[in-house]
Each structure stands twice: as structure tokens, then as C-alpha cells.
Amino acid sequence: MKGWRVADGYTIGEVLNQLKEDFEDITISKIRFLESEGLIYPDRTDSGYRKFIDDDVDRLRFILTAQRDHYLPLKVIREQLDRLDAGEVPGQEAAEGGSGYPMPQSSGPQALVGSVPSDGVGGATAGADAGAVPSGGLDEQPTPAPMGVRELCEASGLEPGEVKALREFGVLGTGDDGWFDGEDVVAARAAKELLRLGLEPRHLRMYRQFVEREQALFEQLVTPLLRQRNPEARRQATRQLEQLSQLTGSLKSALLSRALRNRVHGSPERP
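Residues numbered from 1 in each chain as written. Predicted model: local features only at pLDDT ≥ 70, side-chain atom pairs only at ≥ 80, totals over all residues. Heavy atoms only, no water.

### Side note on the overall build of the protein
Then comes step 1: Scanning the protein from terminus to terminus reveals 9 helices and 2 strands.
Then comes step 2: Across the protein, helices and strands are ordered from the amino to the carboxyl terminus as α-α-β-β-α-α-α-α-α-α-α.
Then comes step 3: Sequence-distant contacts, at least 24 apart, represent 62% of the contacts inside the protein between residues at least 6 apart.
Then comes step 4: Carbon together with sulfur atoms contributes 51% to the accessible area of the protein, which is approximately 16,200 Å² in total. (Helix = DSSP H or I, 4+ residues; strand = E, 2+ residues; numbered from the N terminus. Contact = heavy atoms within 4.5 Å. Areas by Shrake-Rupley, 256 points an atom, 1.4 Å probe, with all protein chains shown as cover.)

### Thoughts on the pattern of salt bridges
Then comes step 1: Evaluated as defined, the whole model comprises 15 salt bridges.
Then comes step 2: In this structure, the salt-bridge partner of Arg61 is Asp22, at a minimum N-O distance of 2.8 Å. Taken together, the positions of Arg61 in helix H3 (residues 54-70) and Asp22 in the loop between helix H1 (12-20) and helix H2 (28-36) put the pair 39 residues apart, joining distant regions of the chain.
Then comes step 3: A salt bridge links Glu212 to Arg208, with the shortest nitrogen-to-oxygen separation between them at 3.4 Å. Here Glu212 and its partner Arg208 are both found in helix H8 (residues 201-226), 4 residues apart, which amounts to about one turn of the helix.
Then comes step 4: Judged by relative accessible area, Arg208 falls into the partly exposed class, the value being 30%.
Then comes step 5: One network of salt bridges, in which partners are shared, links Glu35, Arg44 and Arg50. (Salt bridge = Lys/Arg side-chain N within 4 Å of Asp/Glu carboxyl O. Buried < 20%, exposed > 50% of the residue type's maximum accessible area, 1.4 Å probe, protein only.)

### What about the layout of surface pockets?
Then comes step 1: If you add up the space inside the second largest pocket, you get close to 620 Å³.
Then comes step 2: Forming the boundary of the second largest pocket are 25 residues, of which Asp25, Ser156, Gly157, Arg189 and Lys192 lie nearest the centre.
Then comes step 3: Elements supplying a minimum of two residues to the lining of the second largest pocket: H2, H3, helix H5 (149-156) and helix H7 (182-196).
Then comes step 4: Of the residues in the lining of the second largest pocket, the class split is 7 nonpolar, 5 polar and 13 charged.
Then comes step 5: Residue-level mapping places the lining of the second largest pocket at the junction of two domains, with at least three residues from each of domain 1 (12-86) and domain 2 (149-265). (1 Å grid on protein atoms, 1.4 Å probe; cavity = no way out; pocket = protein on both sides within 12 Å on 5 of 7 lines; lining within 4 Å. Points joined across faces, edges and corners; volume = space filled by probe spheres on them. Nonpolar A, V, L, I, M, F, W, Y, C, P; charged D, E, K, R; others polar. Domains from an automatic or database assignment.)

### Examining helix H6 (residues 160-168)
Then comes step 1: Among the residues of H6, Val163, Ala165 and Leu166 are the ones counted as buried. Looking down the long axis of H6, one finds its buried residues gathered within 165° of arc, a one-sided arrangement. Among the exposed residues of H6, those oriented more than 90 degrees off its buried face are Lys164 and Glu168.
Then comes step 2: Residue Gly170 follows H6 closely and has a positive phi angle near 80°. (Arc of directions from axis to C-beta.)

### Some words on the environment of Leu74
Then comes step 1: Structurally, Leu74 is set in helix H4 (residues 74-85).
Then comes step 2: Separated by 112 residues in the primary sequence, Leu74 and Val186 have C-alpha atoms spaced 9.8 Å apart.
Then comes step 3: Those residues in contact with Leu74 that sit more than four places away from it in its chain are Phe33, Leu34, Glu37, Leu39 and Gln67.

### Topic: the packing of aromatic side chains
Then comes step 1: Per the stated rule, a full pass over the model turns up 1 aromatic pair.
Then comes step 2: A ring pair is formed by Tyr207 and Phe210, whose centres lie 5.9 Å apart and whose planes are at 85°; its orientation type is edge-to-face. Pair noted here: Tyr207 and Phe210 are both in helix H8, with a separation of 3 residues, about one helical turn.
Then comes step 3: Its relative accessible area of 42% is what places Tyr207 among the partly exposed residues.
Then comes step 4: With a relative accessible area of 36%, Phe210 lands in the partly exposed category. (Phe/Tyr/Trp six-rings, centres within 6.5 Å; stacked < 30°, edge-to-face > 60°.)

### Section: H1
Then comes step 1: Inspection of H1 places Ile12, Val15, Leu16 and Leu19 among the buried residues, and these make up the whole buried set. Taken down its axis, H1 places every buried residue within 105° of arc, on the same side.
Then comes step 2: As for H1, its buried residues are in contact with H2, strand S2 (50-51) and H3.

### Concerning the packing of H2 against H3
Packed helices, taken two at a time, are described by their axes: the angle between them and the distance between them.
Then comes step 1: Running from amino to carboxyl end, H2 crosses H3 at an angle of 100°, the nearest separation of the two axes being 12 Å. Classified by the angle between their axes, H2 and H3 sit roughly perpendicular to one another. Residues Lys30, Ile31 and Leu34 of H2 form the contact with H3, whose own contacting residues are Leu60, Ile63, Leu64 and Gln67.
Then comes step 2: Broken down by class, the residue content of the contact of H2 with H3 amounts to 5 nonpolar, 1 polar and 1 charged. (Axes fitted to C-alpha atoms, helices over the stretch in contact; angles between N-to-C directions. Parallel < 35°, antiparallel > 145°, perpendicular 65-115°, else oblique.)

Have a look at this one:
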């Protein structure tokens, strides 16, 4: 999918104007960040200025759509782009008349966010996987490339002060090394939307507390397997934890949907 470099092209400001209507949070610094991450590679003029062609703009649309609509971390987006560059098509083809890039393919991290229908109080299946382990499973490690506050802000759209508050409340950057990884990007993008809807960082602390309580409960169930210290027992423990995560995520979604629906429409009459 890499296009030929030509003398004429778009400046970074012109690219920003093309994307701004569809991606309100896009900034010049974010475009530069994506370039520094090796996801786009605009040409340079003799004077050192970036020059983008249509293929670069299409590639940016693919990346931004993957982040906004599918909550994919940069590692997964990079893998999909590598497959595109190799001539593969990892996702659904773009609509007729669209760019040469297909629609981004949903992946495990999307399950961490779930989806809510437009009325906000959908059926029990809405967001059923919210809070569940990604489909890739517990065997996968977080995105290995660590990032600092600036990179996380660029990837998620959060402000540095919001990242600081979310970290203080245990929502982001809970590792001992102080860096952020791909799972933090997923959490940060979800947090950004929740803040936009009126919640505050302190409100999100309860989700961290929920996770800690569930973790403690699940650990009690699999500790006998983990004590066996053999690969098969560890695989069995992993499968059990994944099932517990998926099932409790579905249960929480169903209970919340019912409570919200009753609040909006009133409790249904029983026969």
C-alpha cells in the first residue's frame, strides 16, 4: 500500500485540514507522533518539510479510525498495516468509492471497551464483553514498547492533567516502572470518552476497585492449579480465568442494562 513519492503533495497543515472534519481531536503533534512510531512515512522536501500524498492521508484515516472506532492499540494497528503493506487484507473491504485501505479489523482490545447503542440503555448484549479479557487471551503480554505521558496523550487524546489524575486513581500506569503500555492506551481512550460524558477521574477509581476485588476472588479459584507448577495446570488456570472474565462481564452488562432500562422506562409489569 506504500505510494510513490512525488514532488507535489500536501503539507502537514493541509493534511490536518482534510482530516479535521472526521477526526476532531487530530493535531499536528499527533500526526508527528504517528510518524515517529513508524506508522506513516511522508516524504521530505529538500528543505526538510514533510510532503504527504493521498496514500499517506488514506493511511492516516485507517489509523485514526482504528483508534476511535475499534480502540486498537498502536501495536495491533501496526500489525494490520504491515499485513496491508505485504498485500494482505486483514479487515473488511472499504466501501465502494473509498480509499485503497480496508476498514480496520476489530481485535481483542475492543472487548475491553464494549459498545453502547444510541439509546444508551440497550439490551443485555450491549457491551457484554466490557471488562472482559481480550480475545487474544491472557497468554498475550501488553504492548512491549513503553510510552511516556506525552505519547499516551497523543495516542488517546487525553490532556496531561487528566493522565496524571487517572494515574493517581489507579486507572492508568499501575505498573512499577511508571511507563504506559498498549492496555493503558485502551483504558485511556475509554476514559477520555467517559470524561467527555461528564464523569470525573475520581469516579473511575471504582472500576479499578471492582477489578481488584474480582482479581482476588478469581485468584482463590485458580491458586490450586498455579501451585502445581506445570505447564498444563497453568494453561488450565488461564482458560478458567478467561471464562470467568467473559461470564462475569456478561453478567455485569445484563444487570446494568436492566437497571438503566428500569430507571428510564420504569419496571416492567409482571403477569
